[in-house]
Amino acid sequence: MAEILLKGIVKRFNELVAVDHVDLDISDKEFLVLLGPSGCGKTTTLRCISGLDVPEEGEIYIDGEDVTAKRASERDIAFVFQLYALYPHFTAYKNIAFPLVTQKQNKKKIKEEVKKAAELLKIEHILNKKPKELSGGDQQRVALGRAIVRRPKVFLLDEPIGTLDASFREEMRTELKRLHVDVGATTVYVTHDQVEAMSMGDRIAIMNLGALQQVGTPFEIYSKPNNLFVANFIGSPGMNFINCRAVRKNGKILLRLNEVNADIHIPEKIRKIIIDKREEDKDLVLGVRPENVIIGFKPEEDSVKTDIFTIEKMGSYNIIDVKLGSEIIRVRTLPTVVPGVKDKAYISFDMDMISLFNRENKQSLMRKTNAGGI
Ligand code: ATP
């Protein structure tokens, strides 16, 4: 069992607030990814969980026990960094065995544990090699092996595959996820790569400027972003943002797209949110993912006229950029949709899949929970 609970964690470096009142509840055996741009406080949060940094405010609990004042060595946690500092003069075997040697385990037990870890990581054949004879991927597998033999309750991984090249990274992503299932330790994984986060995390915690922006499953984060930061950070190609305003016409609330002065209908549930949250006549941003923009070549109800700008043929799909006034809207289509550049097109939106944000405070109107989602 290893549930991790962070309550109001604050960590400062002089004037800089690196971690700003972070609340996070990580379940036993969960794979939680801390995601955000460089410098947003991911590593510092991880170091606070590990005990390498001590927060100025807040508490950290592991399995209900307050460990805030405990040292790293007292927390039963294994930490794997991006720069896998292996001992260069030791073989892979000796590197993996090292934590058990320092624990003064007997030789038979050490041999057994190293063998098990090596089998799990499929590195039995390199155990006699020294780090300089190994590829980056294998060096990282050895570093993971060294963490696994300790059988910790918690794994903290800080960009562990960040230095590997793209094809290795993909391979290691799958391996790490499988390893998590096999080892069964609660895992907190830091990355700035949204693809890595989406493909690996049971849940993702997104940070910006030290503060948690949203915690949720990849689907929740992708389809219901809490704010413009999250909406913008997740997805490739990214979400389209269209300036708009909720206007009342003949007693009915419609969405006016500023650039083209066109009014489109909105579903009842969104109309209700606009009324409840008093967002009528305020500056809003309509957020719509490229796959939720529908493109056609004749006018339909609620479609707006655009000019085709460019077409990217991606093989399994196309990305068509259209111009809505001065805004570029990216549309994801089947690969068979190939209009001519400079053609006219009419776009509409899957209104069940849209997001609406207040342009001033950048928050989603659809947001139900606090940023922490707990
Ligand atoms: P990256 O992905 O670049 O590692 P990060 O999201 O992990 O970024 P942190 O390393 O946690 O971010 O850093 C958060 C902020 O705290 C940054 O502005 C960083 O410069 C600052 N910081 C981190 N450690 C220290 C330190 N020991 N002394 C002073 N400032 C620090």
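Residues numbered from 1 in each chain as written. Predicted model: local features only at pLDDT ≥ 70, side-chain atom pairs only at ≥ 80, totals over all residues. Heavy atoms only, no water.

Our next topic: the state of the cysteines. A full pass over the atoms with the stated rule returns 0 disulfides. Cys48 takes part in no disulfide bond, and the closest cysteine sulfur to it belongs to Cys40, at a distance of 13 Å. According to the relative accessible area criterion, Cys48 is buried, its value standing at 2%. (Disulfide = S-S within 2.5 Å. Buried < 20%, exposed > 50% of the residue type's maximum accessible area, 1.4 Å probe, protein only.)

What follows is about empty space enclosed by the protein. If a probe the size of a water molecule is rolled over the atoms, the empty space left behind becomes visible. Counted under the stated rule, the structure contains 1 cavity of 30 Å³ or more. Put simply, the largest cavity is a space of about 90 Å³. For the largest cavity, the full set of lining residues is Phe31, Leu144, Phe155, Leu157, Leu176, Leu179, His180, Val183, Gly184, Ala185 and Thr187. Those elements that place two or more of their residues in the lining of the largest cavity are strand S7 (154–158) and helix H5 (166–183). (1 Å grid on protein atoms, 1.4 Å probe; cavity = no way out; pocket = protein on both sides within 12 Å on 5 of 7 lines; lining within 4 Å. Points joined across faces, edges and corners; volume = space filled by probe spheres on them. Helix = DSSP H or I, 4+ residues; strand = E, 2+ residues; numbered from the N terminus.)

It is worth spelling out the pattern of salt bridges at this point. Enumeration over the complete set of coordinates arrives at 25 salt bridges. Where Lys116 meets Glu113, a salt bridge forms, and the shortest distance between an N and an O atom there is 3.8 Å. Linking Lys116 with Glu113, this pair stays in helix H3 (residues 107–121), spanning 3 residues, or about one helical turn. A relative accessible area of 6% places Glu113 in the buried class. For Arg248, the salt bridge goes to Glu280, with nearest N and O atoms at 2.9 Å. Of this pair, Arg248 sits in strand S11 (residues 240–249) while Glu280 sits in the loop between helix H9 (268–276) and strand S14 (283–288), and the two are 32 residues apart along the sequence. Judged by its relative accessible area of 46%, Arg248 falls in the partly exposed class. By relative accessible area, Glu280 is classed as partly exposed at 26%. Through salt bridges with shared partners, one network takes in Lys109, Glu113, Lys116 and Arg151. (Salt bridge = Lys/Arg side-chain N within 4 Å of Asp/Glu carboxyl O.)

Once that is clear, we can look at unusual backbone geometry. Backbone phi values are negative for most residues with the exception of glycine, while trans is the configuration of most peptide bonds. Of note, the amide linkage connecting Ser236 to Pro237 takes the cis form, showing an omega dihedral of -5 degrees. The residue Leu209 is not glycine, and still its phi comes out positive at about 50 degrees. With respect to the secondary-structure elements, Leu209 resides in the loop between strand S9 (203–208) and strand S10 (211–216).

Near the ligand you find Phe13, Leu16, Ala18, Pro37, Ser38, Gly39, Cys40, Gly41, Lys42, Thr43, Thr44 and Glu159, and these make up its full shell. A distance of 2.6 Å separates an oxygen atom of the ligand from a polar atom in the side chain of Ser38. For the ligand, the protein covers 57% of the area, taking 630 Å² as the surface of the free molecule. Ranked by the residues each element gives to the shell around the ligand, the list is headed by helix H1 (residues 42–50), at 3 residues. (Near = heavy atom within 4 Å. Polar contact = N/O pair within 3.5 Å; in protein donor to acceptor, adjacent residues only side chain to side chain. Areas by Shrake-Rupley, 256 points an atom, 1.4 Å probe, with all protein chains shown as cover.)

With that settled, consider the domain arrangement of the chain. One can read the domain layout of the chain as domain 1 (4–232) and domain 2 (237–358). The distance between the C-alpha centroids of domain 1 and domain 2 comes to 40 Å. In this complex, domain 1 contributes 7 residues to the contact, which on the side of domain 2 involves 7 residues. Between domain 1 and domain 2, roughly 710 Å² of surface is buried when both sides are summed, and carbon and sulfur atoms account for 60% of that area. (Domains from an automatic or database assignment. Contact = heavy atoms within 4.5 Å. Buried area = accessible area lost by both parts, 1.4 Å probe.)

Let's shift gears to the side chain of Arg146. Assignment of secondary structure puts Arg146 in helix H4 (residues 136–148). Buried charge Arg146 goes without a salt bridge, the closest partner of opposite sign being Asp158 at 14 Å. (Lys, Arg positive; Asp, Glu negative; His and termini not counted.)

Moving on to the sheet that holds strand S1 (residues 4–13). The 4 strands are arranged S2-S1-S4-S5 in an open sheet whose pairing can be described as antiparallel. Each edge of the open sheet carries a strand with a single partner, namely strand S2 (16–26) and strand S5 (65–66). Looking at chain direction, strand S4 (residues 57–62) and S5 are connected through 2 bridges and run antiparallel. Within the sheet, the bridge partner assigned to Tyr61 lies in S5 and is Asp66. Docked against the sheet, H1 engages S1, S2 and S4, running at close to 120 degrees with respect to S1. (Pairing = 2+ DSSP bridges. Axes fitted to C-alpha atoms, helices over the stretch in contact; angles between N-to-C directions.)

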